Amino acid sequence: MKPPPFEYVAPKTLDEALAALADAGEDAKVMAGGQSLIPLLSLRLARPTVVIDLNGVADLSGISVGDGLLRIGATTRHRAVERSPEVAAAVPLIAEAMPLIGHVAIRSRGTFGGSLAHADPAAELPAVALALDAVFTMASRDRGERTVGAAEFFEGFFTTAIQPDEILTSVSFPIAGDGTGQAIEEVARRHGDYAMVGAATSLTISGGTISDARLALLNVDEKPVRAGEAEAMLVGAAPSADLFARAAEAATRDLEPSSDLHATPAYRRKVGSVCVRRALQRATERAEANA
Ligand SMILES: Cc1cc2nc3c(=O)[nH]c(=O)nc-3n(C[C@H](O)[C@H](O)[C@H](O)COP(=O)(O)OP(=O)(O)OC[C@H]3O[C@@H](n4cnc5c(N)ncnc54)[C@H](O)[C@@H]3O)c2cc1C
């Protein structure tokens, strides 16, 4: 199918983009990589009257490190993040997640911020951002800039805290310090498919015990889920296979994932638990190597 007619706007600056968005009202959509938006338009699941293309806004793209944070501009392509040595050194969990997103062609065009703004519950980056307490910066013409933590950013099924007149400009992540190990595990039917279920974690180990634990699951609810009970079990304990099995059970026991063509709720809970155990084990090995 072809998209319904829409007006196309190609701003060159963030101010121009914000003005176009404010003037167009709630019927407008911004476009980043277009990897999700264009199929939605073609299937007529979205019918914006105005599409504001962010690809000409150079300020929205880029990777920087400073003040203990890794900052990634919203329109930075997935592939640029995947190949960035700064990202791999600062937040290895992001570097490990990137190749799991679709295929190279999709990552060459799709953007870091687009994936987070789209908030597909099966996507990798929302779970990574939630696990690491990423901070999202958004801007609007009339209210200026504001920041929102990941726990408030993801509101529900394909729904975030971004308001209709706002553009996501960047996302910041705490840099992983000494003694921190991170890992993501997922199960997908084929390489490049969206995951049926997965888990992202970051563990810090000092003096033989876990001093910080972060764990989030993907595709087990309408938005990524933080495993608070499991995190509390891990902190203060010595890493072991038994501890990880109990944490995995706590992280998945009360989940009520949806059922679809690919997996039942019971399957997602069971495989989710395996993903958690494996991710915790690999994160521990990396934390110990990084001490
Ligand atoms: C075949 C295929 C397989 C895929 N597999 C995976 C996968 O395994 N894992 C995965 O995570 N993703 C997957 N994707 C999605 C891919 O990661 C997309 O790049 C991503 O979902 C959207 O990014 P985009 O830059 O293309 O955004 P767009 O498609 O341009 O936009 C998506 C939505 O986000 C909004 N938006 C975009 N940028 C901003 C911004 N800066 N501020 C406010 N709103 C914004 C748009 O208005 C739109 O509603 C797949 C896509 C395809 C086509």
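A brief structural summary. (Residues numbered from 1 in each chain as written. Predicted model: local features only at pLDDT ≥ 70, side-chain atom pairs only at ≥ 80, totals over all residues. Heavy atoms only, no water.)

A look at the side chain of E231
Here's step 1: As for its placement among the helices and strands, E231 is situated in helix 10 (residues 228-234).
Here's step 2: A relative accessible area of 11% means that E231 is categorised as buried.
Here's step 3: Side-chain polar atoms of E231 contact the backbone nitrogen of L215, separated by 2.7 Å.
Here's step 4: Leaving out residues up to four positions away in the same chain, E231 has contacts with A213, R214, L215 and R226. (Helix = DSSP H or I, 4+ residues; strand = E, 2+ residues; numbered from the N terminus. Buried < 20%, exposed > 50% of the residue type's maximum accessible area, 1.4 Å probe, protein only. Polar contact = N/O pair within 3.5 Å; in protein donor to acceptor, adjacent residues only side chain to side chain. Contact = heavy atoms within 4.5 Å.)

Side note on the site of the ligand
Here's step 1: In the region of the ligand, 30 residues are neighbours, and V30, A32, G34, L37 and T111 sit closest.
Here's step 2: In this structure, an oxygen atom belonging to the ligand sits 3.2 Å away from a side-chain N or O atom of H78.
Here's step 3: Here G102 contributes a backbone N or O atom positioned 3.2 Å from an oxygen atom of the ligand.
Here's step 4: In isolation the ligand has 970 Å² of accessible area, and contact with the protein removes 88% of it.
Here's step 5: Secondary structure elements with two or more residues in the shell around the ligand: strand 2 (28-31), helix 7 (112-118) and strand 10 (166-174). (Near = heavy atom within 4 Å. Areas by Shrake-Rupley, 256 points an atom, 1.4 Å probe, with all protein chains shown as cover.)

Side note on the sheet that holds strand 2
Here's step 1: The 3 strands lie next to each other as 1-3-2, forming an open sheet whose pairing is parallel. This sheet does not close on itself; its edge strands, each paired only once, are strand 1 (7-9) and strand 2. Within this sheet the neighbouring strands show an average axis-to-axis angle of 25°, counted without direction.
Here's step 2: With 3 bridges joining them, strand 1 and strand 3 (residues 50-53) adopt parallel strand pairing. Bridging from a neighbouring strand, E7 pairs with V50 of strand 3.
Here's step 3: Running at roughly 170° to strand 3, helix 1 (residues 14-24) makes contact with strand 1, strand 2 and strand 3 of the sheet. (Pairing = 2+ DSSP bridges. Axes fitted to C-alpha atoms, helices over the stretch in contact; angles between N-to-C directions.)

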